[in-house]
Structures are given as C-alpha cells and as structure tokens.
Amino acid sequence: MSGTSELSELYRARFEENGLENRRAVWRTLVDAWFGKLVPTDAEVLELAPGYGEFLNAIKAKKKYAVDLNPDAARYLPEGTTFINGSADKLDFVADDSIDVVFTSNFLEHLPSKAVLSAVMAEVLRVLRPGGRFIAMGPNIRFAYREYWDFYDHYLPLSDRSLAEGLAAAGFALDRVIPQFLPFRMGGGPTPPILIRGYLALPIAWKLLGKQFLVVASKPR
C-alpha cells in the first residue's frame, strides 16, 4: 500500500459495507465463548492492527493498547485505549516485559516480507511479560489457497506450520496450534450467537469449515 490515506479508503470500502455492528456482535460471542478464557480480566492487552476495534471492544482487560497504520482505527476503539498510529515492528511506546497478552487477527498476511514478520515477532517477545501470551489468528494458506489472493493487500502466505516454526525460532513456546479454526470470513451478515457457540463447541465442524489458523504462544518464564 502506498500510504495511510489509501489504506483508510481500502478498509472503509471493504469493511464498513459489510456491517460493523454485525462484526461486533460476532466478536462479542467469540470473546465470551472462547477468547475471553485466554485473557485474564486484570491483563494489559495490546492488539496489533485492531481494524475497527471488534476485539478490543469485546474483551475485558485492565488496560488496552493498540497499534495500527490506519489512523481511522482510533475512532472505533473503546474509551481509555492507548492508540499509536504506527507499525507493529516498532513498538517503541511499549516497555520491555510489560504486556500480558498480545492479540492479532487477520494482520500477519498483510506484512510485506518474512523479515518484517520476524521483526514483529521480536517486538512482541520483547514487550510480553514472562509467561505472557501471543494469540494470532489468520487465513491458513493450506486451506484458503483459493480465497487468499482475492485481497489486494495480502502479501505474505502463512500456514499454521510456517507461523509455528517462525515463532519457535523467535524464542516463543508454542501452547496451542489449531490449523483449522474459524471460517475464512465471518460477520458479513447477522449470525445468531447460538450458531457461533455451537460451532465453537464442535471441533469436528472446524475440519469442515475452518480456514483460519489459531496459534497461541507464550514468552518463556
């Protein structure tokens, strides 16, 4: 992408037309039924590329931080969130060993190279407290190879295996690697919470519909 204005326009066209409230409703259920169990309510949480704030608006945490190249993201974050309009490979505003959970969803595939991804992982490892978690979700090229390149700003093809290998090489401990978790796209239209909860409770359904990996890693104590 050539600049923040182009990035803002691209995301505005892609996401706002799909219904922000629908996506927020989906994420409220995802957090209540799944991700909330991975994030203590007294945690300090940093989200990389929060987009329109669906996760941060749903999660309960003591302190919330966000970093995004898109300046529009700040308007959609919950009150009290510390927002930095910048790059995830330069988290200079965060002290060493100060964050309990770093979360990112559908972001890593937008990075321009493995070198930049390695820099992001190094920064995440630096800012996490010992025992802190890095939760990463994104399209798995092994299962979403047809849809993966339908987006202009997808650069870096990743699978559960390649990301797990990279995280281990960066010094993380792998806690859980789920190759097929959520479908490729969610939140485009109203989805009853009971269906989302039912899906999450049936891992066999993940094998049929899941095209996004979920990797949970931690900083060794």
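For clarity, every value in this text was computed on a predicted model and none was experimentally measured. (Residues numbered from 1 in each chain as written. Predicted model: local features only at pLDDT ≥ 70, side-chain atom pairs only at ≥ 80, totals over all residues. Heavy atoms only, no water.)

A. Spotlight on the packing of aromatic side chains. Scanning all chains against the criterion turns up 13 aromatic pairs. Each ring, one from Y52 and one from Y76, has its centre 4.5 Å from the other, and the planes form 70 degrees; the classification is edge-to-face. Of this pair, Y52 sits in the loop between strand 1 (44–48) and helix 3 (54–58) while Y76 sits in the loop between strand 2 (63–68) and strand 3 (82–85), and the two are 24 residues apart along the sequence. The burial state of Y52 is the same as that of Y76; both residues are buried. Here the aromatic cluster, defined as three or more aromatic residues joined through ring pairs, consists of W27, W34, F35, F55, F103, F181 and W206. If you follow K63 out to its NZ or CZ, it ends over the ring of Y65, 5.4 Å from the centre. (Phe/Tyr/Trp six-rings, centres within 6.5 Å; stacked < 30°, edge-to-face > 60°. Helix = DSSP H or I, 4+ residues; strand = E, 2+ residues; numbered from the N terminus. Buried < 20%, exposed > 50% of the residue type's maximum accessible area, 1.4 Å probe, protein only. Lys NZ or Arg CZ within 6 Å of the ring centre and 35° of its normal.)

B. Summary view of the side chain of D68. Structurally, D68 can be placed in strand 2. Of the side chains with opposite charge, R23 comes closest to the buried, unpaired D68, at an N-O distance of 11 Å. If we ignore the near neighbours within four places in the chain, the residues touching D68 are A49, P50, G51, A73, F83, I84, N85 and G86. (Lys, Arg positive; Asp, Glu negative; His and termini not counted. Salt bridge = Lys/Arg side-chain N within 4 Å of Asp/Glu carboxyl O. Contact = heavy atoms within 4.5 Å.)

C. Quick peek at the environment of P40. Inspection of the secondary structure assignment puts P40 in the loop between helix 2 (20–33) and strand 1. Its relative accessible area of 40% is what places P40 among the partly exposed residues. Between the alpha carbons of P40 and K60 there is a distance of 7.8 Å; along the sequence they are 20 residues apart. Filtering out sequence-adjacent residues up to four positions away, P40 remains in contact with K60, A61 and V101.

D. The sheet that holds strand 5 (residues 128–139), seen in detail. Judged by pairing direction, the sheet is mixed, and its seven strands sit side by side in the order 3-2-1-4-5-7-6 without closing on themselves. Edge positions in the open sheet fall to strand 3 and strand 6 (173–178), since each of these has one partner strand only. Strand-to-strand twist across the sheet, computed as the mean angle between neighbouring axes with direction ignored, equals 15 degrees. In terms of strand pairing, strand 1 meets strand 2 through five bridges, oriented parallel. Paired with E47 across the strands is A66, a residue of strand 2. Helix 4 (residues 114–127) rests against strand 1, strand 4 (99–105) and strand 5 of the sheet, and its axis sits at about 145 degrees to strand 5. (Pairing = 2+ DSSP bridges. Axes fitted to C-alpha atoms, helices over the stretch in contact; angles between N-to-C directions.)

E. Broad picture of the pattern of salt bridges. Here the structure, examined in full by the defined rule, presents ten salt bridges. Between D89 and K90 there is a salt bridge, with its nearest N and O atoms 3.8 Å apart. Among the ionic pairs, E147 bridges to K211, the shortest N-O distance being 2.5 Å. You can see E147 sitting in the loop between strand 5 and helix 5 (160–170) and its partner K211 sitting in the loop between helix 7 (203–209) and strand 7 (212–218), a full 64 residues away along the chain. Residue K211 is classed as partly exposed on the basis of its relative accessible area, which comes to 25%. One network of salt bridges, in which partners are shared, links D96, E123 and R126.

Just distances and angles here, no functional claims.
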